[in-house]
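Coordinates in review
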Amino acid sequence: MLPDGLWRIIRLGAVGLVLSAAVAGLVLGDAWLWVAVEWSPLAHMEFYARDGFDTPTVVALLGAALAKAALLWLILRAPAPGPLDRRAKALRRLLYLVVANSLVLWYPIALLPDAVDAAFQLTLWTAIDVLYLLVIRWRSRLLRAVAGAVFAVELAGMANELLDELDLPELGSSDVVVWGLMASGVAATILTVVGQWRDGRWSRGTLAAGWLSVGVYALVIALNLLSGRIYSGHLAMLVMMDAVGLVSTVWIAATARELPVEGRPADPPPARRRVIRVAVAAVAVLPVIAMIHPEEAAHLTYTHGSTDCYARPSFGDLKPAERDAAFLCRARSREGGGSPMFPDSVSDQAILAYGRALCRAKDSDEQEAILARAGSKRSAGAAGPWDLVYVCPEIVGATHPELLRSAAETEAAYTAYIAGENAKCRDPWPRTKGVVQATAKYFLFADGDHGYLVQDPEDEAADELAEQAMDKVYDDSSLIGVAGSAVLVGHVADVIDLCLTVKAFRAAPPRRTAGWDQVNEVPIVSRSGRLTVPYMGEGGEVGAGAPMPNLAIAGKGRYRLRAYVRVDDAGEEQHLVVVFPGASGKRVKLKP
């Protein structure tokens, strides 16, 4: 054990380093101030404040530096002298490991895979909870049993997080587990403090730190439940909560320090007790006071970082009371790394008013003026009907009724549309039946696409061969690119979809080139026993509107692919793809 004098030097050095680094940060810039106070890398600062700190954040950082220095002074106190049995020694070491993780080790552990961090936390707290049950003198079997049950629930939540990181079946839904873990953490802290009080080894200061930890947990839960503002509101709030969170570390360090049965620290004198009570009350009340803003300040209920804002809900699935919140999410979204529609300095009420004004704007110039008046850095195109529908459905719905649908209605409409498009396509060889065949609409990229693939999707080099076929599609006037097990058939007209029929035969069918603009035959290989055309699938944008069959009916081997192409008088393009076994590797133009 280190001598008390050395502990005092360490404490003075750590506190002095924090305070001097914070003061230096005022001179050297935001980056230095962030690292000095938050003890985290610059990348975290750039995530929360790309444009630097505003005045409230600088004030919060300086206040956090003072608070952290004071709490660090308490954390780094020398362990109390006295004998410890084997279990108590193990518990003290593990608790100090938690302290080290909270102060220093969290960053190198964060560089490891998330599953490693989750496994480390689960292992560490399993050992600590077991030792809590064995070392603390609960003086009640019932209390010890209740504590064990709560510890088990807490550990089950941590185990569920590990299962999630390992992509294994979880114990329950993520939201339920998250809130269950937070609630069990509060309950576990309460029971541990009660056990310490009944044990009698721990001082009033340690018990006060424990109860204050409960208050911090409760405050975090309340802020998340009421407004979700800790991680999505003003950065100053996150800085203050980070500083207040060290109270839990103070309690854990004090628990480890006062474990010896003998030599229990004497309670402080009455005057010092009053100072401690005032400090405890201040730490508990100041974060709540900090949440109270002037009436004219921006009220930020939903921001781009709020959990509920990650998804874009369908208008028809929202209750009227939920629609304003959905618009606020979209208005502050930073998707794609760009600027939000409205800056965070604009309150919720003002954003809703600006949104309704955008709905009533006569043209894009008027919308541009509204956005500029609000301080937005986005152009008028940023306020699209898919965002404004949440605040003015009666206006947007008149021109875009599809935006008023629910998710189920949208899916049904999409399915009906695909079925209708497929129904427009007809088999050009209705009397010549293939062993397998299908007819469907093939949808291309709206901004231009080379064509469609006939390929072996299970070939190990499928992606590389598809790219090679795409590169070769314009090497010949037939617009067919060939690369082993991939053939890309290009479209000849300027279309965004075409009618496609595929058929597989056991032998070469008649050529029948009459009525077609061009007919070409090329080689193709199936290395896995499959040849097919990509299916667009549910919610897709490119591919066949219906599943396409396996055209490699003879299994692995060489095949011939014959592509028939024509464009009718209406400009609609039709393709017929015929596949049959054949060893020839030649390209043949049956009808150029």
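Since the model is a prediction, treat every value here as computed from it, not as a measurement.

Focus: the confidence of the model for the protein chain
Summary statistics for the protein chain give a mean pLDDT of 83 and a share of 83% for residues scoring 70 or more. Looking at the elements of the protein chain, mean pLDDT is at its lowest for helix H12 (residues 270-290), recorded as 56, and at its highest for strand S9 (residues 573-581), recorded as 97. Note on residues 295-300: pLDDT under 50 across the span, and 14 contacts to partners over four residues away in sequence or across chains.

Section: the environment of Ala 22
Relative to the assigned elements, Ala 22 resides in helix H1 (residues 4-28). In this structure, the C-alpha to C-alpha distance between Ala 22 and Glu 38, residues 16 residues apart in sequence, is 9.9 Å. Leave out the neighbours within four places in its chain, and Ala 22 touches Leu 33, Ala 36, Val 37, Leu 62 and Ala 65.

A word on helix H4 (residues 55-75)
An ideal rise of 1.5 Å per residue puts 30 Å on 21 residues; H4 measures up with 30 Å between its terminal C-alpha atoms. Every buried residue of H4 is accounted for by Thr 57, Ala 60, Leu 61, Ala 64, Ala 65, Lys 68, Ala 69, Leu 71, Leu 72 and Ile 75.

Looking at the state of the cysteines
All chains considered together, the criterion is met by two disulfides. Put simply, Cys 425 and Cys 499 are joined by a disulfide, and their sulfur atoms are 2.1 Å apart. Residues Cys 425 and Cys 499 are joined through a disulfide that is left-handed, its torsion about the S-S bond being -80°. One end of the pair, Cys 425, is in the loop between helix H18 (407-423) and strand S1 (436-443); the other, Cys 499, is in strand S5 (residues 497-504), with 74 residues separating them in the sequence.

Re helix H7 (residues 141-165)
The terminal C-alpha atoms of H7, which comprises 25 residues, lie 36 Å apart, in line with the 36 Å expected from a rise of 1.5 Å per residue. Turning to H7, its buried residues number three or more, namely Leu 143, Ala 147, Val 150, Phe 151, Glu 154, Leu 155, Gly 157, Met 158, Asn 160 and Leu 162. Backbone geometry just downstream of H7 places Asp 167 in the positive-phi region, at approximately 60°.

So, empty space enclosed by the protein
Inspection of the entire model under this criterion finds one cavity of 30 Å³ or more. Contributing to the lining of the largest cavity are Arg 426, Pro 428, Cys 499, Thr 501, Trp 516, Gln 574 and His 575. Where the lining of the largest cavity is concerned, the elements lending two or more residues are S5 and S9.

Some points on the nonpolar core
Core analysis: the largest hydrophobic core is formed by 51 residues, its most contacted members being Ile 75, Leu 91, Leu 95, Trp 125, Ile 128, Tyr 132 and Ile 252. Breaking this core down by element, the ones donating at least two residues are H1, H4, helix H5 (86-110), helix H6 (114-135), H7, helix H8 (174-199), helix H9 (204-226) and helix H11 (246-257). With nine residues, H6 is the single largest residue contributor to this core. In terms of nonpolar packing, the next biggest core, distinct from the first, is built from 29 residues, Ile 480, Val 487, Leu 498 and Ala 544 among them.

Some remarks on the packing of aromatic side chains
Any pair of aromatic rings gets described here by the distance separating the centres and the angle formed by the planes. Throughout the structure, instances matching the rule amount to seven aromatic pairs. For the pair Tyr 132 and Phe 151, a centre-to-centre distance of 6.3 Å together with 35° between the ring planes defines the contact as tilted. On the criterion of sequence distance, the pair formed by Tyr 132 in helix H6 and Phe 151 in helix H7 is long-range, its members being 19 residues apart. The exposure class assigned to Tyr 132 is buried, which follows from its relative accessible area of 3%. Counting every residue linked through ring pairs, the aromatic cluster contains Trp 429, Trp 516 and Tyr 564. Lying across the ring of Trp 516, Arg 566 places its NZ or CZ 4.0 Å from the centre.

Things to note about unusual backbone geometry
Its identity is not glycine, yet Arg 139 carries a phi of approximately 60°, on the positive side. Considering the arrangement of structural elements, one finds Arg 139 in the loop between H6 and H7. The backbone of Asp 167 sits at a positive phi, close to 60°, despite the residue not being glycine. By the secondary structure assignment, Asp 167 is in the loop between H7 and H8. The exposed category is assigned to Asp 167, whose relative accessible area is 71%.

A short note on the sheet that holds S1
In space, the seven strands of this open sheet follow the order S7-S1-S5-S9-S8-S6-S10, with mixed pairing throughout. Single-partner strands in this sheet number two, and they are strand S7 (543-544) and strand S10 (588-591). As defined by bridge partners, strand S6 (residues 518-526) adjoins S10 across three bridges and the pair is classed as antiparallel. Bridge pairing in S10 places Val 519 opposite Lys 591. Lying on the sheet, H18 is in contact with S1 and S5; it crosses S1 at an angle near 115°.

Describing the sheet that holds strand S2 (residues 451-455)
Within a sheet, adjacent strands bond to each other through the backbone by hydrogen bonds, running parallel or antiparallel. One open sheet accounts for three strands, arranged S2-S4-S3; its pairing is antiparallel. The open sheet has two edge strands, S2 and strand S3 (480-483), and neither has a second partner. Across this sheet, the average inter-strand angle for adjacent strands is 15°, counted without regard to direction. Bridge count for S2 against strand S4 (residues 486-490) is five bridges, and the pairing is antiparallel. Directly across from Val 454, in S4, lies its bridge partner Val 487. Running at roughly 145° to S3, helix H19 (residues 462-472) makes contact with S2, S3 and S4 of the sheet.

So, the pairing of S3
Burial along S3 is two-sided: Ile 480 and Val 482 and Gly 481 and Ala 483, pointing in opposite directions, are all buried. Relative to S4, S3 runs antiparallel, the two sharing four bridges. The residue of S4 that forms the bridge with Ala 483 is Ala 486. Hairpin connection of S3 to S4: two residues between the antiparallel strands, including Gly 484 at a positive phi of 65°.

Each value, and the rule that gives it
- Residues numbered from 1 in each chain as written.
- Predicted model: local features only at pLDDT ≥ 70, side-chain atom pairs only at ≥ 80, totals over all residues.
- Heavy atoms only, no water.
- pLDDT = per-residue confidence, 0-100.
- Helix = DSSP H or I, 4+ residues; strand = E, 2+ residues; numbered from the N terminus.
- Contact = heavy atoms within 4.5 Å.
- Expected span 1.5 Å × (residues − 1).
- Buried < 20%, exposed > 50% of the residue type's maximum accessible area, 1.4 Å probe, protein only.
- Disulfide = S-S within 2.5 Å.
- 1 Å grid on protein atoms, 1.4 Å probe; cavity = no way out; pocket = protein on both sides within 12 Å on 5 of 7 lines; lining within 4 Å.
- Points joined across faces, edges and corners; volume = space filled by probe spheres on them.
- Core = buried A, V, L, I, M, F, W, Y, C linked by side-chain atoms within 4.5 Å.
- Phe/Tyr/Trp six-rings, centres within 6.5 Å; stacked < 30°, edge-to-face > 60°.
- Lys NZ or Arg CZ within 6 Å of the ring centre and 35° of its normal.
- Pairing = 2+ DSSP bridges.
- Axes fitted to C-alpha atoms, helices over the stretch in contact; angles between N-to-C directions.

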